[in-house]
Amino acid sequence: MTAVRRPFFSVIIPMYNVGDFIGKCLGSVYAQDIGEEEYEVVIVDDSSSDDTLEIAESLTETHCNTLLLKHDENQKQGSARNSAMRRARGEYIVFLDSDDCWQYTNVLTTFRRIIRETHADVVDNGSEYKYIDCNQDIALSRYDGTAEYRHTDTYELINGDDFFFGPVQAFYSRQLILDHDVWFADNVQYEDIDWRMRIVYHARNIVRTDIPFYCYRINPASTLNSNNARLQHDRVSCYRRLTHFASQDLHPRMKDYLSAWILNDVTSFPFFSRKYDIGNSLKAVRELRNIRLLDKGTYRYFSPDITISKTSLITIFLLKHFPLAAIAPYRILMVIKDAVLGR
């Protein structure tokens, strides 16, 4: 009996109500100049209510390297990625969002060369997204850059100005994911921030390159572009997961980073002051109080030498001690500030 050959890559695509875009997304994958036996495509339909599934079925039926899975109920992007990872067979995993695409036909062959030369756990890409309009088409071409790379470590990577919290611009060893049991949070948004922090923490061989292969589609209907009140509560749940991660036996430098990141994000107050109604904003403040992220002692417990600015101290003091009704004027001031600064 002949053994089934393991593909080198698993391309994981979660999809939900992207009937207008899934064809361009899959087209950029199937256009890769690599044999289909070298990669598999694992697609998870997260219970779409439009024609996404029917379109995907018609596009994939002639590609024997594609597995199309279905969720009976919508479970959000992290759950869809988890379902795909559990079925993936590739040595390395790369994520692609279903309303986005790659602009080069040699993405997989380029990264395969880098991986074979370095045996990296993670090949992280520092290039910015190419932003494309919702209705814009991309003419696929071949990447003719030098594709140089360098070795780095966790702390240089996460402290860099160009560190992306989304998972789509990197290639990950599937064995690394399995060995350290790194999965996305289910049934929430903001599932990718803590996943990225955990996976790069566990990686011991990280390579950085700069290949502008990823095209991010500016889709007004996407999750993070909607005024969904649940988003801010899911962001608080991300803080919970990061706090739990920081409570583990981690390197002090990682604890310092996590503590400073959570504090900065909590005190910046962006998700309360811009999109969301005051009622849900106040609920989110209650959640922050309940998980003690408005106590300076929480941050100093994880990072005894952390520097907390006067502005941050004032912000968490106000959010912790003021009557919730008094936060409304503060929120209005933040909106005015954003307008003045042009945010």
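Look up a bit, the structure's there.
Everything numeric in this text was worked out from a predicted model, so none of it was measured. (Residues numbered from 1 in each chain as written. Predicted model: local features only at pLDDT ≥ 70, side-chain atom pairs only at ≥ 80, totals over all residues. Heavy atoms only, no water.)

**Observations regarding the packing of aromatic side chains**
Taken as a whole and assessed by the stated rule, the structure comprises 23 aromatic pairs. Between Y104 and Y143, the aromatic rings sit 5.1 Å apart at their centres with planes inclined by 50°, giving tilted as the arrangement. Of this pair, Y104 sits in the loop between β5 (101–102) and α4 (107–118) while Y143 is found in the loop between β7 (130–133) and β8 (149–152), placing the two residues 39 residues apart along the sequence. Each member of the pair, Y104 together with Y143, is buried. On the numbers, 5.3 Å between centres and 35° between planes, the contact of Y129 with F164 is tilted. Here the residue Y129 occupies a position in the loop between β6 (122–125) and β7, and F164 occupies one in the loop between α5 (154–158) and β9 (170–173), the gap between them amounting to 35 residues. (Phe/Tyr/Trp six-rings, centres within 6.5 Å; stacked < 30°, edge-to-face > 60°. Helix = DSSP H or I, 4+ residues; strand = E, 2+ residues; numbered from the N terminus. Buried < 20%, exposed > 50% of the residue type's maximum accessible area, 1.4 Å probe, protein only.)

**A few points about the sheet that holds strand β3 (residues 66–70)**
Strand order in the open sheet formed by eight strands is β3-β2-β1-β4-β9-β6-β10-β8, with mixed pairing between adjacent strands. Because the sheet does not close on itself, it has two edges, and the strands there are β3 and β8. Looking at each pair of strands side by side, their axes are set apart by 25° on average, direction ignored. Bridge count between β8 and strand β10 (residues 206–209): four bridges; the pairing is antiparallel. (Pairing = 2+ DSSP bridges. Axes fitted to C-alpha atoms, helices over the stretch in contact; angles between N-to-C directions.)

**With respect to the nonpolar core**
If you look at the biggest cluster of nonpolar residues, it comprises 98 residues, and the most contacted ones within it are I13, W102 and F171. Setting aside residues up to four positions removed in sequence, I13 forms contacts with I22, C25, L26, V29, V41, V42, I43, V44, L96 and S98. (Core = buried A, V, L, I, M, F, W, Y, C linked by side-chain atoms within 4.5 Å. Contact = heavy atoms within 4.5 Å.)

**As for the pairing of strand β2 (residues 39–45)**
Most of β2 sits out of view: seven of its seven residues are buried. Note: strand β1 (residues 9–15) against β2, seven bridges, orientation parallel. Pairing of S10 across the sheet is with E40, part of β2. Taking the sense of rotation as the criterion, the β-α-β connection linking β1, helix α1 (residues 22–30) and β2 turns out right-handed. Taken together, the five bridges between β2 and β3 define a ladder with parallel strand orientation. Across the sheet, V41 pairs through a bridge with T66, a residue of β3. Considered for its hand, the β-α-β crossover made up of β2, helix α2 (residues 52–60) and β3 is right-handed. (Right-handed = clockwise from strand over helix to strand, strands pointing away.)

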